[in-house]
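Per-entry structural report
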Amino acid sequence: MRVLTAVIAIAFGILILLGYFLPQAAIIQTILLNWAVILTGVAALVGLVNLMIVHMDKVRRSEKGSIYSAILVLVMVLTFFAGVILRPDHLLMRKVILDGIILPVEAMLMGLLTVTLLYAAIRMLRKRADVMGIVFILTAALLFLGSATLPFGDVPVFGTLIRPWFTQIFALGGARGILIGVALGTLVTGLRVLFGMDRPYGGK
Amino acid sequence: MDYLDIISGLLSFLFTIFVLSYLVGDNPLFRITIYIFVGAAAGYVGSVIVWQVLKPQLWDKGIAAIFGGTLVDQLLILLPLLGAALILTKISSRMAGFARLPMAFLVGAGAAVTIGGALLGTLLPQMEATINFFDPQLAAARNIHALEVMGNGAVILFGVVTSLAYFHFGARQNANGTMHRFGLIEIIAWVGRIFIGVTLGAIFAGVFAAALTAFIERFSSLIDFINKLIGIF
């Protein structure tokens, strides 16, 4: 089984990768990616079933906070079957589930970040006042000052000269370095899987 | 304002208040809201998967292949169907081993897509964009003085190189057992820290601005809902 899984991962991985560089392999790549989409969908559903089983176990064992788990399972099952029966784009689903629950909670959690980020920034200044920390806070303050709409209009030099230069030149250099570094790391991780050095699907 | 709008507005109003209550500390109302949110989001995603992935890709194509498809069509739908059945065995702890086969396929496919995406979507375009600053023809096409563009390009290139050097973790062992980086790399990495600090500061400012906008939008929606209710009664 260990050899078979490694052969499957490497062979199909190489076939899909070839599709990026050889036009002749593009048809096979499309078919395989369609299969991957289907299997990812089924795997996500299995994940939801697992989430339900974990929380139902908590309810069965009457663990602390099991009432929250019961609420989660109930809402999940109701939403799932309502979505399957009515379709996710049905008016009721959009108004009650999306506009009534998901979007406001997401937006408010995002709004809470305002307080959390401010608190984290102050804590960082108190606990880690090194070069990187000071540059970090100064840049954030500078950019915020440059983009703020003040009663007397834009701050002259900040908004028109310093802020664009910092975001479009200085920060771009660092961001590009980070992006290239992340891409190199991702590339190596992918290659390790294709060479069979990493086997996250099981087997050593 | 029909009854669905009222229900939607009421739910939105209550959940906004409940999440906001976290500012005074963790409390049951906040927890209930988060569990409801996770349940609703998970259920909604599940129904989207059924309607937008499984029905068109598996059910519709499967029916078309069985009734009037060629042998190749039937084979092309049989394999993902078999894979789906094997993934479903993951629900049972005794039979979960069978799910390794389709999971291996998914990992291989994911690795290939990741490599393709990293190479063609990030590495090459980012390098090309960095190089383009030194192309006088491109500067002329954008009606900007070549020296200005090249000056900016030099700062960006310097930032890219020094930021990458910051993530260079190759080190040598001293006689006393401590580790140290090569001297030149250490200096370049120190400059890279400044560039990374500026970048993270810019990202922080952007995220903070977005969070503040969301915060204001929620408050505005609360006021809107109260005004609408006052209008009704």
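Parameters and conventions
- The residue numbers shown here count from 1 along each chain, following its written sequence.
- Here every chain gets a letter starting at A, and every ligand a number starting at 1, in the order they are written.
- Reporting of local features is limited, given that this is a predicted model, to residues whose pLDDT is at least 70; pairs of side-chain atoms are given and counted only at 80 or more, and all residues count toward the totals for whole chains, interfaces and linings.
- The way it works is that DSSP assigns letters per residue, a run of H or I at least four long becomes a helix, a run of E at least two long becomes a strand, and they are numbered from the N terminus.
- Radius of gyration: C-alpha atoms only; globule rule: 2.2 Å multiplied by the number of residues to the exponent 0.38.
- Our exposure labels follow a C-beta count within 10 Å of each residue's own C-beta, placed from the backbone: buried means 20 or more other C-beta atoms, exposed means 12 or fewer, and partly exposed covers the counts in between.
- This entry defines residue contacts through backbone-placed C-beta atoms, with two residues in contact when those atoms are within 7 Å.
- Here a helix's expected span is defined as the number of its residues, less one, multiplied by 1.5 Å.
- For a residue, the bend is simply the angle between two axes, fitted respectively to the seven-residue segment ending there and the seven-residue segment starting there.
- By convention in this section, buried Ala, Val, Leu, Ile, Met, Phe, Trp, Tyr and Cys residues joined through C-beta atoms within 7 Å make up a nonpolar core.
- Domain start and end points were adopted from an automatic or database domain assignment.
- Between N-to-C directions, angles cover 0 to 180 degrees, with each direction set by a line fitted to C-alpha atoms, over the stretch in contact for helices.
- Any angle between 65 and 115 degrees counts as roughly perpendicular, while under 35 counts as roughly parallel, over 145 as roughly antiparallel, and the rest as oblique.
- Handedness of a helix crossing follows the sense of rotation of the near helix relative to the far helix, less than a right angle counterclockwise being left-handed and clockwise being right-handed.
- Each residue is assigned to one of three groups, with Ala, Val, Leu, Ile, Met, Phe, Trp, Tyr, Cys and Pro labelled nonpolar, Asp, Glu, Lys and Arg labelled charged, and all others, Gly among them, labelled polar.
- Arc, as used here, means the arc of the directions from the helix axis to the C-beta atoms.

1. Focus: the overall build of chain B
Scanning chain B for helices and strands turns up seven helices and two strands. When the helices and strands of chain B are placed in sequence order, the string is α-α-α-α-α-α-β-β-α. In terms of overall size, chain B is more extended than a compact globule, its C-alpha atoms giving a radius of gyration of 28 Å where 233 residues would be expected to give roughly 17 Å. Considered along the principal axes of its C-alpha atoms, chain B spans approximately 65 × 65 × 55 Å. Taking all 233 residues of chain B together, the buried fraction comes to 30%. Partitioning the intrachain contacts of chain B with sequence separation of at least 6 by distance along the chain shows that 33% fall at a separation of at least 24.

2. Let's talk about helix H2 (residues 28-66) of chain B
Residues and elements named next belong to chain B. Under the 1.5 Å per step criterion, the end-to-end length of H2 is 52 Å for 39 residues, consistent within 8% with the ideal 57 Å. Along H2, the helix axis deviates most sharply at lysine 55, where the bend reaches about 55°; the proline proline 56 sits within four residues downstream. Looking one or two residues beyond H2, the residue adopting positive phi is glycine 68, at roughly 110°.

3. Re the nonpolar core
For soluble globular proteins, nonpolar side chains are generally found buried alongside one another. The biggest cluster of nonpolar side chains holds 81 residues, and the ones touching the most others in it are Ala9(A), Leu39(A), Ala104(B), Phe105(B), Val107(B) and Ala109(B). At eleven residues, the largest contribution of residues to this core is made by helix H4 (residues 100-132) of chain B. Here this core gathers at least three residues from each of two domains, domain 1 (1-86) and domain 2 (128-204) of chain A. Apart from residues no more than four positions distant in its own chain, Leu39(A) is found in contact with Pro80(B), Gly83(B), Ala84(B), Ile87(B), Pro102(B), Phe105(B) and Leu106(B).

4. Re the packing of helix H4 (residues 91-127) of chain A against helix H1 (residues 3-20) of chain B
The interhelical angle for the contact between H4(A) and H1(B), taken along N-to-C directions, is 20°, at an axis separation of 9 Å. When the axes of H4(A) and H1(B) are compared, the pair comes out roughly parallel. The hand of the H4(A)/H1(B) crossing is right-handed. For the pair H4(A) and H1(B), the contacting residues are Leu91(A), Leu92(A), Lys95(A), Val96(A), Asp99(A), Gly100(A), Ile101(A), Pro104(A), Val105(A), Met108(A), Leu109(A) and Leu112(A) in the first and Leu4(B), Ile7(B), Ser8(B), Leu11(B), Ser12(B), Phe15(B), Thr16(B), Val19(B) and Leu20(B) in the second. Here the contact of H4(A) with H1(B) is composed, by residue class, of 15 nonpolar, four polar and two charged.

5. Observations concerning helix H5 (residues 131-147) of chain A
Under the 1.5 Å per step criterion, the end-to-end length of H5(A) is 24 Å for 17 residues, consistent within 8% with the ideal 24 Å. Of the positions making up H5(A), those classed as buried are Phe136(A), Thr139(A), Ala140(A), Leu143(A) and Gly146(A). Burial along H5(A) is one-sided: seen end-on, the buried residues are contained in an arc of 135°. Summarising the contacts, the buried residues of H5(A) are in contact with helix H6 (156-194) of chain A together with helix H7 (183-232) of chain B.

All we've got here are geometric facts, nothing functional implied.
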